Amino acid sequence: MRLKSRNAFAPGGFQFTQPETGWNAPKWQSFDVVVKELIKHRKGNPHLVKKHDWSLDYDTVANEIDEYNAVRCRNAGYFDFIAQDSPPSPKLFLSRFQAQKPAAAAAGSMKRVAAGIGALYEWLGSGANPVSKEKAESRAGTCVTCPMNGKGDWTRFFTGPAVEMIKKQLAIKHDLRLETSHDAELGVCEACMCQLTLKPWVPLETILHHTNDDMKKRLHPKCWILSESKQ
Ligand code: SF4
């Protein structure tokens, strides 16, 4: 997926966040300036260039910024600004999401945390194609009334690297403007340990890939994952 034009400002301008450092593109600058500023930022962090294999090549960085904004426009419904003749590249999200793939964890809740993060990791890594807003709203509406919706500070459910991974996932969610009207009331699913402002956007196939029988038994009987699986 790419922008129709690098000369026409999409709503919000040309944006980019480097999640590892929190760097944001300067506002309302030309595409060329944003590319050069990102390369400058990366060159100023040589140890991170090495660690994360960041590109410093102009054309490669330009493609990263192009695709980032194309996906942002798509998710916000600004279809006039994108050329949809190619699917999103998994590399884009993986390059921005440099946390390690969750390893198979020991047992119990740690295993569920790994599975929960893994579903979202796979989804982001495959281009983060979301379900429709209508479907995400409907799913979030079910979660919000579910007794498994663990409210309050979500970080209490996780420790260490898991917190960092979820923070990055939430930063990408924010960039992609994936929002439902229930976000403020959603916490963490105490059955599958997924962050519930993100999970309603994930296609069912990806979720099921990370949901074993044991996990299914933990879900609430009225869970949308179970009802959609039967359709
Ligand atoms: S069990 Fe299902 S419906 Fe309930 S909070 Fe978890 S994902 Fe949402």
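Just so we're clear, the structure is a prediction, and the values are computed from it rather than from any experiment.

Scoring rules and cut-offs
- Residues numbered from 1 in each chain as written.
- Predicted model: local features only at pLDDT ≥ 70, side-chain atom pairs only at ≥ 80, totals over all residues.
- Heavy atoms only, no water.
- Buried < 20%, exposed > 50% of the residue type's maximum accessible area, 1.4 Å probe, protein only.
- Helix = DSSP H or I, 4+ residues; strand = E, 2+ residues; numbered from the N terminus.
- Near = heavy atom within 4 Å.
- 1 Å grid on protein atoms, 1.4 Å probe; cavity = no way out; pocket = protein on both sides within 12 Å on 5 of 7 lines; lining within 4 Å.
- Sits in = over half its atoms within 2 Å of the grid points.
- Nonpolar A, V, L, I, M, F, W, Y, C, P; charged D, E, K, R; others polar.
- Expected span 1.5 Å × (residues − 1).
- Arc of directions from axis to C-beta.
- pLDDT = per-residue confidence, 0-100.
- Salt bridge = Lys/Arg side-chain N within 4 Å of Asp/Glu carboxyl O.
- Contact = heavy atoms within 4.5 Å.
- Points joined across faces, edges and corners; volume = space filled by probe spheres on them.
- Phe/Tyr/Trp six-rings, centres within 6.5 Å; stacked < 30°, edge-to-face > 60°.

**What about unusual backbone geometry?**
Line of reasoning, step 1. A positive phi angle is found at Trp-28, which is not glycine, with a value near 55°.
Line of reasoning, step 2. Among the residues examined, Trp-28 registers a relative accessible area of 53% and is labelled exposed.
Line of reasoning, step 3. Unlike most non-glycine residues, Asp-53 shows phi in positive territory, near 60°.
Line of reasoning, step 4. Within the secondary structure, Asp-53 is located in the loop between helix 2 (46-52) and helix 3 (58-76).

**What to know about the site of the ligand**
Line of reasoning, step 1. Looking at the ligand, the residues that line it are Cys-143, Cys-146, Met-148, Cys-189, Leu-196, Leu-219, His-220, Cys-223 and Trp-224.
Line of reasoning, step 2. If you map the ligand onto the pockets, it falls in the largest cavity.
Line of reasoning, step 3. Residues belonging to the shell around the ligand are distributed by class as follows: eight nonpolar, one polar and no charged.

**Some remarks on helix 1 (residues 31-43)**
Line of reasoning, step 1. The end-to-end C-alpha distance of helix 1 is 19 Å, a good match for the 18 Å that 13 residues give at a rise of 1.5 Å each.
Line of reasoning, step 2. Taken residue by residue, helix 1 has Phe-31, Val-34, Val-35, Leu-38, Ile-39, His-41 and Arg-42 as its buried positions. Along helix 1, the residues classed as buried sweep out an arc of 160° about the axis, all on the same side. Of the exposed residues in helix 1, those oriented more than 90 degrees away from the buried face are Lys-40 and Lys-43.

**Here we look at the confidence of the model for the protein**
Line of reasoning, step 1. Averaged over all residues, the pLDDT of the protein is 78; the fraction at 70 or higher stands at 71%.
Line of reasoning, step 2. Across the protein, the secondary-structure element scoring lowest on mean pLDDT is helix 4 (residues 90-96), at 45, and the one scoring highest is helix 1, at 96.

**Observations regarding the pattern of salt bridges**
Line of reasoning, step 1. With the rule as written, the count across this model stands at eight salt bridges.
Line of reasoning, step 2. Among the salt bridges present, the one from Arg-6 reaches Asp-66, with a minimum N-O distance of 2.6 Å. Of the two residues, Arg-6 is situated in the loop between strand 1 (2-3) and strand 2 (17-18) and Asp-66 in helix 3; the sequence distance between them amounts to 60 residues.
Line of reasoning, step 3. With a shortest N-O distance of 2.7 Å, Glu-228 and Arg-139 are connected by a salt bridge. Note that Glu-228 is positioned in helix 10 (residues 224-230) and Arg-139 in helix 6 (residues 133-144), a separation of 89 residues in sequence.
Line of reasoning, step 4. Under the relative-accessibility criterion, Arg-139 is labelled buried at 2%.
Line of reasoning, step 5. Look at the salt bridges and you will find they share partners, linking Lys-135, Arg-139 and Glu-228 into a network.

**A closer look at the environment of Ala-136**
Line of reasoning, step 1. Following the sequence through the fold, Ala-136 ends up in helix 6.
Line of reasoning, step 2. Sequence separation between Ala-136 and Glu-179 is 43 residues, and the spatial gap between their C-alpha atoms is 8.7 Å.
Line of reasoning, step 3. Apart from the residues within four sequence positions on either side, Ala-136 is in contact with Val-131, Thr-180, Pro-200 and Trp-201.

**A short note on the environment of Val-33**
Line of reasoning, step 1. Counting through the fold element by element, Val-33 comes out in helix 1.
Line of reasoning, step 2. Using a relative accessible area of 27% as the deciding quantity, one classes Val-33 as partly exposed.
Line of reasoning, step 3. Residues Val-33 and Phe-14, 19 residues apart in the sequence, show an inter-C-alpha distance of 9.7 Å.

**Some thoughts on empty space enclosed by the protein**
Line of reasoning, step 1. Going through the model one piece at a time under the given rule, you end up with two cavities of 30 Å³ or more.
Line of reasoning, step 2. Computed from the structure, the largest cavity encloses a volume of approximately 120 Å³.
Line of reasoning, step 3. Residue lining of the largest cavity: 14 residues in total, with Cys-143, Cys-146, Cys-189, Cys-223 and Trp-224 positioned closest to the centre.
Line of reasoning, step 4. When residues of the lining of the largest cavity are traced back to their parent elements, those giving at least two are helix 6 and helix 10.
Line of reasoning, step 5. Grouping the constituent residues of the lining of the largest cavity by class yields 10 nonpolar, three polar and one charged.

**Looking at the packing of aromatic side chains**
Line of reasoning, step 1. Throughout the structure, instances matching the rule amount to four aromatic pairs.
Line of reasoning, step 2. On the basis of an interplanar angle of 35° and a centroid distance of 5.3 Å, the ring pair of Phe-9 and Phe-14 is categorised as tilted.
Line of reasoning, step 3. Among the residues examined, Phe-9 registers a relative accessible area of 38% and is labelled partly exposed.
Line of reasoning, step 4. A centroid spacing of 5.4 Å and a plane angle of 85° characterise the contact between Phe-14 and Phe-31, whose relative ring orientation is edge-to-face. With Phe-14 in the loop between strand 1 and strand 2 and Phe-31 in helix 1, this residue pair connects regions lying 17 residues apart in the sequence. Side by side, Phe-14 and Phe-31 carry an identical accessibility label, which is buried.
Line of reasoning, step 5. In this structure an aromatic cluster arises from ring pairing among Phe-9, Phe-14, Trp-28 and Phe-31.

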